[in-house]
Amino acid sequence: MTEAQASPPDAPRAPSAEPKKRPRVFSGVKPTGTLTLGNYLGALRNWVQGQREVDPIFCVVNDHAITIRIDPEELRRNTREVAAIYLAVGLDPEHCILFVQSDVPEHTGLAWVLNSVTYYGELHRMTQFKDKTAKGKLEGVSAGLLNYPILMAADILLYNTDEVPVGEDQKQHVELCRDVAIRFNGLFGETFVVPKPVIPKVGARIMSLDDPTRKMEKSNPNAGSYILLTDGPDVIKKKLARAVTDSGSEILATPDKPAITNLLTIASALTGKPIPQLQEAYVGKMYGHLKKDLGELVSETLKPIQEKVATYLADPAQLEAILDRGAERARAIAGPTLALAKKRIGLGWKAAAR
Ligand code: AQP
């Protein structure tokens with residue numbers, strides 16, 4: 001029995017009472033560029049590690065990418081590449097539902113419904129909106145950038161999601177999603193499962209290599225600020241060698257050493273070794289030693305992923321078949337949820353929808 005059959009849109013439903021063996025997990029990355037080491041450590045790696053314990057749905061959220069100006073051909077290329085990265089890092093398409101957001105129109109459909117229960121003030125307060133609008137310069141900023149968290153709420157709520165594994169920067173958006181779900185349920189009757197964010201213990205906030213007070217992000221105009229998952233060993237080593245450091249010479253993760261803390265955090269996330277153990281190993285050594293070791297470590301971690309990405313990109317038919325199948329499975333869940341939300345709010349108006 002498909003989930004669509006299990007939850008017909010007009011059947012009364014109490015989401016919290018649904019029998020579930022494993023928590024439903026939903027997350028995604030927007031293809032605004034090639035993914036960074038921050039995206040990998042804050043999100044992808046944790047998705048892969050936890051995929052067997054959950055009921056996982058992962059999406060390339062390309063509808064989000066058009067909230068900033070992006071060349072259409074670049075967006076298409078990035079979308080394919082992000083999908084290839086999902087597979088290359090180890091997401092299993094037999095187990096996870098993997099798809100591209102724009103192939104499931106229920107996302108934008110539900111976003112419009114949720115627009116009506118989300119307040120302008122809530123959106124305006126979002127830290128990411130404030131950061132991306134360069135602290136108040138609103139000229140040329142799309143309405144989509146402001147409304148982005150509503151679409152993200154729709155992404156999550158469509159799938160009766162229990163958990164949303166994200167990096168620290170997205171926690172606020174998941175909290176807004178919770179508020180919106182609770183508000184909708186309160187106004188129109190029990191409709192959505194209220195999800196919770198799941199933040200990794202290490203790697204939740206990888207910082208820029210050129211400014212350790214800013215998070216590493218793929219849309220940063222300075223290529224030296226991030227490591228891309230597609231960067232080759234020489235580029236990785238050069239970027240790390242040029243990464244800013246702190247005053248002093250001791251290799252310690254302390255508040256007055258944000259740059260070294262960031263490098264140690266990356267090393268800890270990749271080796272699984274706690275930071276105190278790494279600090280111990282670097283007693284008496286220079287910043288350069290840490291940077292050199294990290295260059296090797298990051299290159300070795302990314303090499304097998306890069307080889308697999310190339311294999312998936314070389315076979316577009318196979319990639320599209322996997323994503324088409326994922327979109328079909330996603331729609332079987334998303335369709336009934338959207339229909340129920342529309343019915344609750346009065347947009348499902350036909351006699352059969354009552
Ligand atoms: N620096 C980071 N450290 C840890 N986790 C991070 N994530 C992003 N940057 C870091 C996590 O990656 C997932 C996907 O993010 P996204 O691409 O959908 O949006 P974002 O958070 O805005 O990521 P970027 O790289 O900063 O993108 P741009 O520059 O395009 O805005 C999320 O789980 C996020 O937490």
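Residues numbered from 1 in each chain as written. Predicted model: local features only at pLDDT ≥ 70, side-chain atom pairs only at ≥ 80, totals over all residues. Heavy atoms only, no water.

Draft legend 1. Representation of the domain arrangement of the protein. According to the domain assignment, the protein contains domain 1 (24-204 + 315-353) and domain 2 (223-311). Relative to domain 2, the C-alpha centre of domain 1 lies at a distance of 30 Å. Listed per partner, the contact involves 16 residues of domain 1 and 16 residues of domain 2. Here domain 1 meets domain 2 over a buried area of about 1400 Å², counting both sides, of which 78% is carbon and sulfur. Contact with domain 2 buries area across many residues of domain 1, yet Leu37, Tyr40 and Ala88 alone supply 37% of it, more than any other trio. Taken together, the connections running from domain 1 to domain 2 amount to zero salt bridges. Where domain 1 touches domain 2, the interface holds three residue pairs in polar contact (both at pLDDT 80 or more). Counting residues per element, the ones that place at least two in the side of domain 1 that touches domain 2 are helix H2 (37-50) and helix H4 (72-89). Of the residues assigned to the side of domain 1 that touches domain 2, the class counts are 10 nonpolar, three polar and three charged. (Domains from an automatic or database assignment. Contact = heavy atoms within 4.5 Å. Buried area = accessible area lost by both parts, 1.4 Å probe. Salt bridge = Lys/Arg side-chain N within 4 Å of Asp/Glu carboxyl O. Polar contact = N/O pair within 3.5 Å; in protein donor to acceptor, adjacent residues only side chain to side chain. Helix = DSSP H or I, 4+ residues; strand = E, 2+ residues; numbered from the N terminus. Nonpolar A, V, L, I, M, F, W, Y, C, P; charged D, E, K, R; others polar.)

Draft legend 2. Summary view of the site of the ligand. In the vicinity of the ligand lie 23 residues, with Lys132, Asp169, Lys215, Lys218 and Ser219 positioned nearest. Take Lys30: an N or O atom from its side chain is 2.8 Å from an oxygen atom of the ligand. At 3.1 Å, a side-chain N or O of Asn39 approaches an oxygen atom of the ligand. When the ligand is considered free in solution it has 650 Å² of accessible area, and contact with the protein chains removes 99% of it. Sorting the residues of the shell around the ligand by element identifies strand S1 (24-29), H2 and helix H7 (127-132) as the ones contributing at least two each. Among the elements that take part in the shell around the ligand, H2 stands out by supplying four residues, more than any other. Broken down by class, the residue content of the shell around the ligand amounts to six nonpolar, 10 polar and seven charged. (Near = heavy atom within 4 Å. Areas by Shrake-Rupley, 256 points an atom, 1.4 Å probe, with all protein chains shown as cover.)

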